[in-house]
Amino acid sequence: MTEIVLGVGASHSTLMNTHWEQTLHEDRAERFRDALREARDELAAARPDTVILVGSNHFRGFWLDLIPSFTIGVGECIASGESGTPTGPQPVDVPLAQYIANSLVEGGRFDVAFSARLQIDHGQSHAVQYLLDSLDVEIVPLVVNVFAPPLPALGRCEQLGRAIREAVLAFPEDRRVAVIGSGGLSHRLPWPDWREPHGEDEEFMVGAWLNGRENWQDYDARRREIIRAAEAAINPEFDEAFLSLLERGQAHLVTQYSTDELEKTAGNGAQEIRTWLLAAALLDHAPARRLAYEPLPEWLTGMAVAVLDPARTTPERQP
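Residues numbered from 1 in each chain as written. Predicted model: local features only at pLDDT ≥ 70, side-chain atom pairs only at ≥ 80, totals over all residues. Heavy atoms only, no water.

It is worth spelling out the packing of aromatic side chains at this point. Per the counting criterion, the structure on display carries twelve aromatic pairs. Ring geometry for W20 against W299: centres 5.8 Å apart, planes inclined by 45 degrees, an arrangement best described as tilted. You can see W20 sitting in the loop between α1 (15–18) and α2 (26–46) and its partner W299 sitting in the loop between β8 (288–296) and β9 (301–308), a full 279 residues away along the chain. A residue is classified by how much of its surface remains accessible, and W20, at 15% relative accessible area, is buried. With 6.3 Å between their ring centres and 85 degrees between their planes, F70 and F110 make a pair best called edge-to-face. With F70 in strand β3 (residues 70–80) and F110 in the loop between α3 (94–106) and β5 (113–120), this pair connects stretches of sequence that are 40 residues apart. By relative accessible area, F70 is classed as buried at 7%. Take F110: its relative accessible area is 4%, and that puts it in the buried class. Chaining the aromatic ring pairs together yields one cluster made of F59, F147, W191 and W209. A cation sits over an aromatic face here: R222 above F204, 4.4 Å from the ring centre. (Phe/Tyr/Trp six-rings, centres within 6.5 Å; stacked < 30°, edge-to-face > 60°. Helix = DSSP H or I, 4+ residues; strand = E, 2+ residues; numbered from the N terminus. Buried < 20%, exposed > 50% of the residue type's maximum accessible area, 1.4 Å probe, protein only. Lys NZ or Arg CZ within 6 Å of the ring centre and 35° of its normal.)

Here is the structure:
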């Protein structure tokens, strides 16, 4: 029998690895890091065999020569290792991953892409580093396109989460499965719409995304300079509203946003809430328990951690 035992939503930032000493709001950063540790401990206590790891792509594993909306890793998984995140092969639950892919495609619900040699970046590996530290688990990596429009609609992401939930619960072997959604919340990266770059920096970025498959490291130093020069654009009101929806088990209501509306409200980086939404649907929208929310302008991002426990039926906190 397979059961889904826990879910975690967590923001990520490689600046946490590379620029901790330059963080001015150290108290906020420490509270966020402590919340990651608490979530990691709750994952350990849930004793999962496998973690479905839902994350984004930052053009170190996917490039503009081919950008699927959704890609499941069904074989090898290699972490790119940028900015102090884990590098090299990651353990994949191949039987479960392949079963999910088969169920989605052959069942006629989703024509997801799959990869037998998937390269992931910190969209997944930051969670491996901080949430799966020392846990003896395998993963099923799922990459959601959130930065190269056109993006999958929020409603489509929620539907995919529900479809994966059905597939997991139908898996004929015994598994304890946890789910992680990595990314968000509100933030704005100095990244262009690749279809219409303006200026030298934006043209450089699009060139890196198109041509970096074999040599992405050659572009990385300037990429990071561009990001470090950006001004923070965090929307705490949006973040609080989104977390409140999660706490009430109503994250599906965020599907009312279009892609353009979400970017105008909370920045292009907020497109990563697709990973939280998909994870929440996999947990059948169990009410979440917030562990932290910290707006960190040094990291450009509203940083949050929440735990979704399917054993909980009533939220502890009402708005």
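Structurally, the position occupied by S186 is in the loop between β7 (175–182) and α6 (199–211). Here N235 takes part through its backbone nitrogen, which lies 2.8 Å from a polar atom of the side chain of S186. When sequence neighbours within four positions are dropped, the list of residues in contact with S186 reads I234, N235, F238, D239, A266, A270, L300, T301 and G302. (Polar contact = N/O pair within 3.5 Å; in protein donor to acceptor, adjacent residues only side chain to side chain. Contact = heavy atoms within 4.5 Å.)

This paragraph deals with the packing of α2 against helix α4 (residues 122–131). At their nearest, the axes of α2 and α4 sit 9 Å apart, and the two run at 80 degrees to each other. Between α2 and α4, the interaxial angle falls into the category roughly perpendicular. Taking contact as the criterion, the partners of L36, A39, R40 and L43 in α2 are, on α4, H126, Y130 and L131. Broken down by class, the residue content of the contact of α2 with α4 amounts to five nonpolar, one polar and one charged. (Axes fitted to C-alpha atoms, helices over the stretch in contact; angles between N-to-C directions. Parallel < 35°, antiparallel > 145°, perpendicular 65-115°, else oblique. Nonpolar A, V, L, I, M, F, W, Y, C, P; charged D, E, K, R; others polar.)

By themselves, these observations are geometric and do not establish any function.
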